[in-house]
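Examination of the molecular architecture
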Amino acid sequence: MAEAPEGDPMPSSSENTEYIIESNLKDDEGPSPKKRKTVLIENEQIEKLEHRLGGILCCAVCLDLPQAAVYQCSNGHLMCAPCFNHLLADARLRDETATCPNCRVEISKTLSSRNLAVEKTVSELPLECKHCTRVFPRHSLQHHEEKICEERPYKFSQLVVDSAPRNPFAGLVRIVTSVYWLLISALRRTYFISEVTEASVKRRRYHRVTSCRFASLGCGWRGAARGAAAHEAACAHPRRSAADLLELLARRERRAADDLLVYTQLLDLLSCEKITFNDLQLKPYRTEELHKLYYETSRFSAFAHQWVVKAFVNKNQRDPTQSSQREITYQLILKSKPSAAVCVSWVCVRGPYGDARVAPALAAHAFRDDEAAPARALPLHDAADTNRLLSNKAIHFRLIMFLTNK
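Since the structure is predicted, the reported quantities are computational estimates derived from the model, not experimental observations. (Residues numbered from 1 in each chain as written. Predicted model: local features only at pLDDT ≥ 70, side-chain atom pairs only at ≥ 80, totals over all residues. Heavy atoms only, no water.)

1. Observations concerning the overall build of the chain
- Along its length, the chain carries nine helices and 16 strands.
- Residue pairs at least 24 apart in sequence account for 55% of intrachain contacts in the chain once pairs closer than 6 positions are excluded.
- Summing over all exposed atoms, the chain offers an accessible surface of approximately 26600 Å²; the carbon and sulfur share of this is 54%. (Helix = DSSP H or I, 4+ residues; strand = E, 2+ residues; numbered from the N terminus. Contact = heavy atoms within 4.5 Å. Areas by Shrake-Rupley, 256 points an atom, 1.4 Å probe, with all protein chains shown as cover.)

Next up, the structure:
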């Protein structure tokens, strides 16, 4: 058996035990500073990857991530649907060829295509909720903001009338509570007082306020959606007398009557003897006026007469290309020469080939010899649909006409 040298003393059993414990403790301390630094760098790179993808997949025109459809030119440059339609509409107004803003290659509805891979990638990128500032994937953010978020705008629910007897002092407490919340909400709106919660220690955020469901009864409370239920339980407006609510209910009835007026008139017109409809196609044409674009349909027959529809883009503006706000107005023109006045009511709807929703708006006019009705705005549900209509080769809609002669 080999002997240990004299200069190296043999460690005792207790010393061996202490050495093993110290080595184990060192191993349990976690990664070395060098390894920790590497992990932090990797996390930073992962966070920066989201921003890098946002810069790569953004629209070439507005430099923002697309919300829905993504179009690309033949060279692969990306454009969101609103900007793509805006480029096509500008080119049609200027009587030019639409080109990609990056490579100047020609773009159109037929030459350009949608990029489904980019659309799916963008839908997976994170985005903050506009109410609570929490981060969610884009494809699930809308559901969170409308259904789940505690600070979303509170939706009015059904009014429940409770006929149980009340404590006379309970009404005073509810009034004081409502005044308190009104003052708090007013201060938050005026001086931008924010709440600091445990989830937002590093960042101060401002809660989006919402109204009480009894706002139609005159309640002016505003606050976060998560506090709406507590306020409504103590709200004093449901217990107001009928005399106090009479004026409010009268105003609501007037607004509801105005909304139902169009549908009532349509139902009355359906009892007319002669009703017809035509699916029309507005085709563009130009005159000597610079940057002026007009639309006109072919002649069509209705009630034994010939008719034409003309449309204009920003009729009262000299150069529509200089404005981002665009409006389409149209005129119904009688081309025949009737022996007596022709009283006609009509309404424009989307039709089977239309690309934009049209709000119901009735119009009426008594036509005489070769007369045009006053120009009316095409009632679109969304003003952004104007550029989408202008980007097409033609505008399709359905015209329903009622002969109201007695």
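2. Details of the layout of surface pockets
- Counted as a void, the largest pocket has a volume near 390 Å³.
- Around the largest pocket, the lining comprises 17 residues; the ones closest to its centre are Ala68, Cys80, Ala81, Pro82 and Asn85.
- Classifying every residue of the lining of the largest pocket by side-chain character gives 10 nonpolar, three polar and four charged. (1 Å grid on protein atoms, 1.4 Å probe; cavity = no way out; pocket = protein on both sides within 12 Å on 5 of 7 lines; lining within 4 Å. Points joined across faces, edges and corners; volume = space filled by probe spheres on them. Nonpolar A, V, L, I, M, F, W, Y, C, P; charged D, E, K, R; others polar.)

3. Section: the pairing of strand β13 (residues 342-349)
- Most of β13 sits inside the fold, with six of its eight residues counted as buried.
- For β13 and strand β14 (residues 363-367), the ladder comprises five bridges, and the chain directions are antiparallel. For tryptophan 346, the partnering residue across the bridge sits in β14 and is alanine 363.
- Looking at chain direction, β13 and strand β16 (residues 395-403) are connected through six bridges and run antiparallel. Looking across to β16, one finds that serine 345 is bridged to phenylalanine 402. (Buried < 20%, exposed > 50% of the residue type's maximum accessible area, 1.4 Å probe, protein only. Pairing = 2+ DSSP bridges.)

4. Description of the environment of proline 238
- Here proline 238 shows up in the loop between α7 (228-234) and α8 (242-269).
- Between the C-alpha atoms of proline 238 and cysteine 219, which are 19 residues apart in sequence, the distance is 9.2 Å.

5. Overview of the pattern of salt bridges
- Enumeration over the complete set of coordinates arrives at five salt bridges.
- Between aspartate 279 and arginine 398 there is a salt bridge, and its shortest N-O distance comes to 2.6 Å. One end of the pair, aspartate 279, is in strand β8 (residues 274-286); the other, arginine 398, is in strand β16, and 119 residues separate them in sequence.
- For aspartate 279, a relative accessible area of 37% puts it in the partly exposed group.
- Judged by its relative accessible area of 23%, arginine 398 falls in the partly exposed class.
- The closest approach of N and O atoms between aspartate 385 and arginine 388, which form a salt bridge, is 3.2 Å. Pair noted here: aspartate 385 and arginine 388 are both in helix α9 (residues 385-391), with a separation of three residues, about one helical turn. (Salt bridge = Lys/Arg side-chain N within 4 Å of Asp/Glu carboxyl O.)

6. Topic: the confidence of the model for the chain
- On average, the chain scores 76 in pLDDT, and the residues at 70 or more come to 73%.
- Counted against residues more than four places away or in other chains, residues 33-40, with its pLDDT under 50, gives two contacts. (pLDDT = per-residue confidence, 0-100.)

7. Here we look at unusual backbone geometry
- Positioned with a positive phi, arginine 104 is a non-glycine residue whose angle comes to about 60°.
- Positive phi outside glycine occurs at phenylalanine 303, with the angle close to 60°.
- Classification of phenylalanine 303 by relative accessible area gives buried; the value is 15%.

8. Structural notes on the packing of aromatic side chains
- Applying the stated criterion across every chain, the model contains five aromatic pairs.
- With a centroid separation of 5.0 Å and an interplanar angle of 85°, the aromatic rings of tryptophan 307 and phenylalanine 367 are classed as edge-to-face. One end of the pair, tryptophan 307, is in strand β11 (residues 305-313); the other, phenylalanine 367, is in strand β14, with 60 residues separating them in the sequence. Here tryptophan 307 matches phenylalanine 367 in class, with each residue buried.
- Relative to phenylalanine 367, the ring of tryptophan 346 has its centre 6.0 Å away and its plane inclined at 40°; by these criteria the two rings are tilted. On the criterion of sequence distance, the pair formed by tryptophan 346 in strand β13 and phenylalanine 367 in strand β14 is long-range, its members being 21 residues apart.
- With a relative accessible area of 1%, tryptophan 346 lands in the buried category.
- By relative accessible area, which is 0% here, phenylalanine 367 ends up buried.
- Through successive ring pairs, a cluster of aromatic residues spans Tyr285, Tyr294 and Phe312. (Phe/Tyr/Trp six-rings, centres within 6.5 Å; stacked < 30°, edge-to-face > 60°.)

9. Considerations on the sheet that holds strand β1 (residues 70-72)
- Strand order in this open sheet of three strands is β2-β1-β3, and the pairing throughout is antiparallel. Edge strands, defined here as strands with exactly one partner in the open sheet, are β2 (78-80) and β3 (113-114).
- Of the strands in this sheet, β1 and β2 touch helix α3 (residues 81-94), which is tilted by about 95° from β2. (Axes fitted to C-alpha atoms, helices over the stretch in contact; angles between N-to-C directions.)

10. What about the nonpolar core?
- The biggest cluster of nonpolar side chains holds 35 residues, and the ones touching the most others in it are Trp307, Trp346, Leu399 and Met401.
- By size, the runner-up hydrophobic cluster in this structure holds 14 residues, among which are Tyr71, Cys73, Met79 and Cys83. (Core = buried A, V, L, I, M, F, W, Y, C linked by side-chain atoms within 4.5 Å.)

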